[in-house]
Amino acid sequence: MRSNFVWQEIWVGLRRNLTMTIALIVVVAISLSLLGTGMLFVKQVDSTRTYWQSKVEISVYLCYADSANPTCHGAATVAQTQQLEQTLHAMPQVESVTYVSQAQAWALYKQAFSNDQSYVSMLKQTDMPPSLEIKLVNPAADYNIVSSAVTGASGVDSVIDEMNILDKFYRLLDGLRNAVVIVALILVVAAVLLVANTIRLSAFNRRRETGIMRLVGASNFYIQLPFLLEGVIAGLLGWVLASVLLIGVKSLLLNNLQQYFNYNVGLSTGDLIEVIVLAMVIGVVLCGVTSFLTLRRYLRV
Amino acid sequence: MIEFQNVTKIYPNQNRAALENVDMTINKGEFVFLVGPSGSGKSSFLRLILREERPNDGRILVAGNDLARLTNWKVPALRRKIGCVFQDFRLLPNKTVEQNVAFALEVIGKPRRFTKRVVPEVLDLVGLEGKHDRMPDQLSGGEQQRVAMARAFVNRPMILLADEPTGNIDPATSIGIMKVLDRINRTGTTVVMATHDAAIVDSMRKRVIELEYGKVVRDQNRGVYGQAY
């Protein structure tokens, strides 16, 4: 095996159809970076979902003196509250029930909006509903059972499911991810076709050389290797560009998302490396296999 | 060296056989002219020897290999034992004379030291002294064919196939080409040459196999091109 001969052939091949090679590299880069972005989104959604699902609670707001709800007749009595607590404790899906009084709710509210006093000055302690904060054993599965058990019970003002709020956010993220992945897949198809075309052009450009190689008894491997590596190298160059784009997506887009949360759901560098490595494998395998299949058609013995 | 046993070749979508029941043996070291009008099956004969085509019927033995039983990955090894020369030279225009010949060795993985030593020797053998660094377009037709012969012979094949090697060359220059082929033949290489050139065949007085419509109509030692000519 004369390696510098093979490299020389690859260089000649890549240079001779330079425009095709550039187009190929760009398309591979964009398709791989979109695919990688899709994968980063999946990871981001997963990490936020696991974080929130462990935190999600059901808040049962109880009637209070100033309650606007017509089903409330004055504040919930101690008996009503105890009755509710007993019902909930009896349910196997409930992990714990905590009573939050109007005073405690007011304290929490003031703390949450401590940096915006206008919200605090608008309300007073008697505007805060007392509540039962329910922690579930398995939030995703058990929410409906527990919430329907207390909805409409006497003394209950309203039942707020945090899952409902999160679902909207998840739907947004899922939709975004699906859109990115669909565009990426279309581009991957385009990349595959481009690889096939580039290799075909390259084989056609060098049909004189390959014809002589066949006649003098060069092995198939020797004849095909430069073309195969041509595809793989273009794929690798595309991947390098894609990696740069992915690092950009992570540090500019996803890390900015992080600042909207006061707890850590950001992706680690490890996640990014995993996605980049996966993109490389996909890029190399895609280009290599496509080149190989194209060559089987155009460089027969 | 080359043995055809009742070989028939019919190309797809053609009702007439390109070769029909061809049965012959060419021995080691022989010089054979293959003559006959266009379409008589000369090229098919050569392509079958190279295993570029496979026969529909019959058996072909080349250098001890039964071509029907030769697997695809062993075809390159067969072709390393066969050199080829064509009417249109088939040189690489962007390589020098020396690089063109060296290419044939490079692509079968021969070491550089070997190539450096052997290529100039072969170029001198075919009569291209002092022209090693020329480009093909700086050479005459005869000289280009000499380069092609050097490339075909550089790996010391057992068989040299020549498909109308003098077809593009004037008669005077053709004599030089034939001298080179003769010289190659004298090293023990079997030479099979397809040709239309009656003068050359008549002057060489070698074995002549005549094909017509895919059949062998004459096989004659020390023959001439044809009775009619």
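Residues numbered from 1 in each chain as written. Chains lettered and ligands numbered in written order. Predicted model: local features only at pLDDT ≥ 70, side-chain atom pairs only at ≥ 80, totals over all residues.

Caption draft 1: The overall build of chain B, seen in detail. Scanning chain B from terminus to terminus reveals 7 helices and 10 strands. On C-alpha atoms alone, chain B measures out to a radius of gyration of 18 Å, which is about the 17 Å that the 2.2 N^0.38 rule sets for 229 residues. Each principal axis of the C-alpha atoms in chain B carries an extent, and together these give about 50 × 45 × 35 Å. For chain B, with 229 residues in total, the buried portion stands at 42%. (Helix = DSSP H or I, 4+ residues; strand = E, 2+ residues; numbered from the N terminus. Rg over C-alpha atoms; globule rule 2.2 N^0.38 Å. Buried ≥ 20, exposed ≤ 12 C-beta atoms within 10 Å, placed from the backbone.)

Caption draft 2: Geometry of the overall build of chain A. When helices and strands are counted, chain A shows 10 helices and 4 strands. Ordered by position from the N terminus, the helices and strands of chain A form the series α-α-β-α-β-α-α-β-α-β-α-α-α-α. Relative to the compact-globule value of 19 Å for 301 residues, chain A shows a C-alpha radius of gyration of 31 Å, a clear excess of over 25%. Counting only C-alpha atoms, chain A reaches 100 × 40 × 30 Å along its principal axes. Per-residue burial for chain A yields a buried fraction of 34% across its 301 residues. The long-range fraction of contacts in chain A, counting pairs at least 24 apart against all pairs at least 6 apart in sequence, stands at 85%. (Contact = placed C-beta atoms within 7 Å.)

Caption draft 3: Inspection of helix H8 (residues 207-215) of chain A at higher detail. All of the buried residues in H8 of chain A are Glu209, Thr210, Ile212, Met213, Arg214 and Leu215 of chain A. Immediately downstream of H8 of chain A, the backbone of Gly217 of chain A shows phi near 90°, a positive value.

Caption draft 4: Seen up close, unusual backbone geometry. All names here are of chain B. Phi at Asn6 takes a positive value of approximately 50°, unusual for a residue other than glycine. As for its position among the elements, Asn6 is in strand S1 (residues 2-9). Positioned with a positive phi, Arg156 is a non-glycine residue whose angle comes to about 50°. Turning to its location among the elements, Arg156 is positioned in the loop between helix H5 (141-153) and strand S7 (159-163). A count of 14 C-beta atoms within 10 Å places Arg156 in the partly exposed class.

Caption draft 5: Quick look at the environment of Leu299 of chain A. Residues and elements named next belong to chain A. Considering the arrangement of structural elements, one finds Leu299 in the segment after helix H10 (269-298). Sequence spacing of Leu299 and Ser96 is 203 residues, and the spatial spacing of their C-alpha atoms is 71 Å. When neighbours within four sequence positions are excluded, Leu299 is seen to be in contact with Ala203, Thr210, Ile223 and Gln224.

Caption draft 6: Spatial organisation of the domain arrangement of chain A. Each assigned domain of chain A is listed with its residue range as follows: domain 1 (3-52 + 167-298) and domain 2 (56-161). One C-alpha centre belongs to domain 1 of chain A, the other to domain 2 of chain A, and the line joining them spans 52 Å. (Domains from an automatic or database assignment.)

Caption draft 7: Quick look at the pairing of strand S8 (residues 190-194) of chain B. All names here are of chain B. Of all 5 residues that make up S8, 5 are buried, and the element is covered over most of its length. Taking every second residue as pointing to the same face, both faces of S8 are buried, with Thr190, Val192 and Ala194 on one and Val191 and Met193 on the other. Pairing of strand S3 (residues 31-35) with S8 involves 4 bridges; the strand directions are parallel. Across the sheet, the residue bridging to Phe31 is Val191, located in S8. Bridge analysis of S7 against S8 gives 5 bridges, and the strand direction is parallel. By the bridge assignment, Ala162 is partnered in S8 with Met193. (Pairing = 2+ DSSP bridges.)

Caption draft 8: Local environment of the interface of chain A and chain B. Taken residue by residue, the interface counts 15 residues in chain A and 17 residues in chain B. Elements represented by at least two residues in the side of chain A that touches chain B include exactly H8 and helix H9 (220-258) of chain A. Residue contributions to the side of chain A that touches chain B peak at 5 residues, all from H8 of chain A. The class makeup of the residues in the side of chain A that touches chain B is 9 nonpolar, 3 polar and 3 charged. (Nonpolar A, V, L, I, M, F, W, Y, C, P; charged D, E, K, R; others polar.)

Caption draft 9: Inspection of the packing of helix H7 (residues 162-205) of chain A against H10 of chain A at higher detail. Residues and elements named next belong to chain A. Contact geometry for H7 and H10: axes closest at 9 Å, N-to-C directions at 45°. By the angle between their axes, H7 is oblique relative to H10. Regarding H7 and H10, the two cross each other, and that crossing is right-handed. Residues Val188, Ala191, Val192, Val195, Ala196, Ile199, Arg200 and Ala203 of H7 pack against Leu286, Cys287, Thr290, Ser291, Thr294, Leu295 and Tyr298 of H10. (Axes fitted to C-alpha atoms, helices over the stretch in contact; angles between N-to-C directions. Parallel < 35°, antiparallel > 145°, perpendicular 65-115°, else oblique. Left-handed = near helix turned anticlockwise from the far one by under 90°.)

Caption draft 10: Representation of the sheet that holds S1 of chain B in the model. All names here are of chain B. Here 4 strands make up an open sheet; going across it, the order is S2-S1-S4-S5 and the pairing antiparallel. The open sheet has two edge strands with one neighbour each: strand S2 (19-26) and strand S5 (65-66). Alignment of strand S4 (residues 57-62) against S5, held across 2 bridges, turns out to be antiparallel. Within S5, the position partnered with Val62 by the bridge is Asn65.

Caption draft 11: A look at the packing of helix H3 (residues 97-106) of chain B against helix H4 (residues 112-125) of chain B. Residues and elements named next belong to chain B. Two numbers describe how H3 lies on H4: the axes approach to 10 Å, and their chain directions differ by 125°. Between H3 and H4, the crossing angle belongs to the class labelled oblique. Considering the relative orientation of H3 and H4, their crossing is right-handed. Contacts between H3 and H4 involve Val97, Glu98, Val101, Ala102, Leu105 and Glu106 from the former and Thr115, Val119, Val122 and Leu123 from the latter. Considered class by class, the residues forming the contact of H3 with H4 number 7 nonpolar, 1 polar and 2 charged.

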